[in-house]
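Chain residues, written in single-letter form:
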Amino acid sequence: MTSLTEGDGLARADRPPIFDGHNDTLLDLYLPERGGGRTFFECGEAGHLDLPRAREGGFGGGFFACWTPPDPESGWTEESALSLTEDGYEVADAPPLDPLYARKTANGLVKILFELEAESGGQLKIVRTAQELASCLREGVLAAILHFEGAENLGPDPGALEGLYEAGLRSLGLVWSRPNAYGEGVPFRFPASPDTGPGLTDAGKELVRECNRLGVLVDLSHLNERGFWDVAEISEAPLVATHSNAHALCPTTRNLTDRQLDAIRDSDGMVGVNFAVAFLREDGQDEEDTPLETVVRHVDYLVERVGIERVGFGSDFDGAKVPREIGDASGLPELLGALRDGGYDAEALSKLSHENWVRVLRRTWRR
Ligand SMILES: [Zn+2]
């Protein structure tokens, strides 16, 4: 969906810029066979996000994840690990990564983001403070947060965080959906509880404190429930899940239970609504023909539970199948239109679109 006919979605003048909690676009650029060989600066057909489609859809920036895929040598793939159950599915546990492979891949992904910034001629900036983020959104410069999805990217020593912080890292998911030296992620299961295994290791607890000390956001998406409660107990920052939905509406391990949502609310944190159809739909099916109203229902539920100040978007662009009506970043105005039709006024849409992210990041980064 690269061109909008008049009357579709929210009119351009009424659209607040969207700042987004999660994309996997760097991996598409790192692995051309995954990304369809596209570049970031030309409008592509494959995948979800590039600069022209961001401009078209009012995508003002987001968390750019460095996610290290399973080592091809491990033989593990999501497809081969998937088995259907009576009422859903389960994916066999992904193996831990070889630390050298993880570091090498992460370095490659980080390098790509810095190259994008250098080649953008001022159109993309890696932001390090909430003030920089706010001014990028105001001036129409695409704001990118350097984010690690899985702390194996650091290596096994939490002390490595400081050097990465100096380089620009501002957000860290302790785990992806697999174990590492710091904790355990949730395996993908439906229907199932996110309480799938042990909490954080001592190194994981130390890493949370180190994130607090430096002002790095700790992302709770993909973490299992016991790990979540460990972070809730240790962390002095708002609790944030960058790309997760409501377990009450779609009971996958990747979504947040009501108790978790209450803890997020009490910490004045936030949730980025994930557009992955498998984490939206009541039946958990990975089916693109999913109405926009399904996204609106999760927004409604989350707003009711945690408050309009604590919900934003976490698209999972280039990491998941999204509803056909969104299609890619250029389709975001459709979602804003559906939310407006669902009763969200201009003030509420601004909060959901970016204001909440800016507020939570300002509190977390303290600058
Ligand atoms: Zn993810």
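Before reading on, note that the structure itself is shown above.
From a predicted model like this one, the values you see are computed outputs, not experimental measurements.

Trainee: Describe the overall build of the protein chain, listing the residues and the values that go with them.
Mentor: Across its full length, the protein chain holds 13 helices and 12 strands. Relative to the globule expectation of 21 Å for 367 residues, the C-alpha radius of gyration of the protein chain, 19 Å, shows essentially globular dimensions. In terms of overall dimensions, the protein chain has a C-alpha envelope of 55 × 50 × 40 Å along the principal axes. A burial count over the protein chain gives 60% of its 367 residues as buried. Nonlocal contacts in the protein chain, meaning residues at least 24 apart in sequence, comprise 74% of its contacts between residues at least 6 apart. As displayed, the protein chain offers around 14200 Å² of accessible surface, 48% of which is attributable to carbon and sulfur atoms. Each charge sign in the protein chain was given a centre, from 35 positive and 63 negative side chains, and these centres are 6 Å apart.

Trainee: For the coordination of the zinc ion, give the residues involved together with the corresponding values.
Mentor: Only Glu149 (OE), His222 (NE2) and His243 (NE2) from the protein reach the zinc ion as donors, at distances of 2.1 to 2.2 Å. Spacing between the donor residues of the zinc ion along the chain follows E-x72-H-x20-H. Of the two residues, Glu149 sits in strand S6 (residues 142–149) while His222 sits in the loop between strand S9 (217–219) and helix H9 (225–234), which places them 73 residues apart along the sequence.

Trainee: So, the packing of aromatic side chains: which residues are in play, and what are the values?
Mentor: Summed over all chains, the structure comprises 12 aromatic pairs. Here Phe40 and Phe64 contribute two aromatic rings whose centre-to-centre distance is 6.3 Å and whose plane-to-plane angle is 70°, an arrangement assigned as edge-to-face. You can see Phe40 sitting in the loop between helix H2 (32–35) and helix H3 (51–57) and its partner Phe64 sitting in strand S2 (residues 59–66), a full 24 residues away along the chain. A relative accessible area of 0% places Phe64 in the buried class. Judged by centre distance (4.8 Å) and plane angle (55°), the ring pair of Trp67 and Trp176 falls under tilted.

Trainee: How would you summarise H9 if you had to cite specific residues and measurements?
Mentor: What H9 keeps buried is the set Glu225, Gly227, Phe228, Asp230, Val231 and Ile234. Residues of H9 that are buried make contact with helix H8 (202–214), S9 and helix H10 (258–266).

Trainee: Lay out the nonpolar core with the relevant residues and their values.
Mentor: Within the largest apolar cluster, 91 residues are counted, with the highest numbers of intra-cluster contacts made by Leu172 and Leu174. Here the element with the most residues in this core is helix H11 (residues 292–306); it accounts for 7 residues. Those residues within four positions of Leu174 in sequence are excluded, and the remaining contacts are Gly150, Ala151, Asn180, Leu200, Leu207, Val208, Val218, Asp219, Leu223 and Val231. Among the nonpolar cores identified, the runner-up in size contains 17 residues, and Ile145, Val358, Val360 and Leu361 belong to it.

Trainee: So what about the sheet that holds strand S3 (residues 82–84)? Which residues, and what values?
Mentor: Read across the open sheet, the 3 strands follow the order S3-S4-S8; overall the sheet is antiparallel. Bordering the open sheet on either side are S3 and strand S8 (189–190), each of which pairs with just one other strand. By the bridge criterion, 3 bridges tie S3 to strand S4 (residues 89–91) in an arrangement that is antiparallel. In the strand pairing of S4, Ser83 is matched with Glu90.

Trainee: Outline the packing of H8 against H9, supporting the account with residue identities and numerical values.
Mentor: The interhelical angle for the contact between H8 and H9, taken along N-to-C directions, is 45°, at an axis separation of 10 Å. When the axis of H8 is compared with that of H9, the two are oblique. Relative to H9, the crossing made by H8 is right-handed. Judged by residue contacts, Lys205, Val208, Arg209 and Asn212 of H8 engage Asp230, Val231 and Ile234 from H9.

Trainee: Pulling in residues and values, what's your account of the pattern of salt bridges?
Mentor: As enumerated under the stated definition, the model contains 25 salt bridges in all. Among the ionic pairs, Arg213 bridges to Glu210, the shortest N-O distance being 2.8 Å. With a gap of 3 residues between them, Arg213 and Glu210 both fall in helix H8, about one helical turn apart. Given a relative accessible area of 48%, Arg213 falls into the partly exposed group. For Glu210, a relative accessible area of 16% translates into the label buried. When the shortest N-O distance is used, the salt bridge between Arg305 and Asp258 registers 3.5 Å.

Trainee: Before we move on, could you go through the environment of Thr105 and cite the residues and values that matter?
Mentor: Relative to the elements of secondary structure, Thr105 occurs in helix H5 (residues 99–119). Residues Thr105 and Asp20, spaced 85 residues apart in sequence, show a C-alpha to C-alpha distance of 23 Å. For Thr105, the contacting residues outside a window of four places in its chain are Tyr30, Thr68 and Pro69.

Trainee: Can you explain the side chain of Ser350? Please cite residues and give values.
Mentor: Relative to the helices and strands, Ser350 is located in helix H13 (residues 346–365). For Ser350, a relative accessible area of 16% puts it in the buried group. Apart from the residues lying within four places of it in its own chain, the contact partners of Ser350 are Pro16 and Glu355.

Calculation notes
- Residues numbered from 1 in each chain as written.
- Predicted model: local features only at pLDDT ≥ 70, side-chain atom pairs only at ≥ 80, totals over all residues.
- Heavy atoms only, no water.
- Helix = DSSP H or I, 4+ residues; strand = E, 2+ residues; numbered from the N terminus.
- Rg over C-alpha atoms; globule rule 2.2 N^0.38 Å.
- Buried < 20%, exposed > 50% of the residue type's maximum accessible area, 1.4 Å probe, protein only.
- Contact = heavy atoms within 4.5 Å.
- Areas by Shrake-Rupley, 256 points an atom, 1.4 Å probe, with all protein chains shown as cover.
- Lys, Arg positive; Asp, Glu negative; His and termini not counted.
- Charge placed at Lys NZ, Arg CZ, Asp CG, Glu CD.
- Donors = N, O, S within 2.8 Å, 3.2 Å for Na, K, Ca; no water.
- Phe/Tyr/Trp six-rings, centres within 6.5 Å; stacked < 30°, edge-to-face > 60°.
- Core = buried A, V, L, I, M, F, W, Y, C linked by side-chain atoms within 4.5 Å.
- Pairing = 2+ DSSP bridges.
- Axes fitted to C-alpha atoms, helices over the stretch in contact; angles between N-to-C directions.
- Parallel < 35°, antiparallel > 145°, perpendicular 65-115°, else oblique.
- Left-handed = near helix turned anticlockwise from the far one by under 90°.
- Salt bridge = Lys/Arg side-chain N within 4 Å of Asp/Glu carboxyl O.

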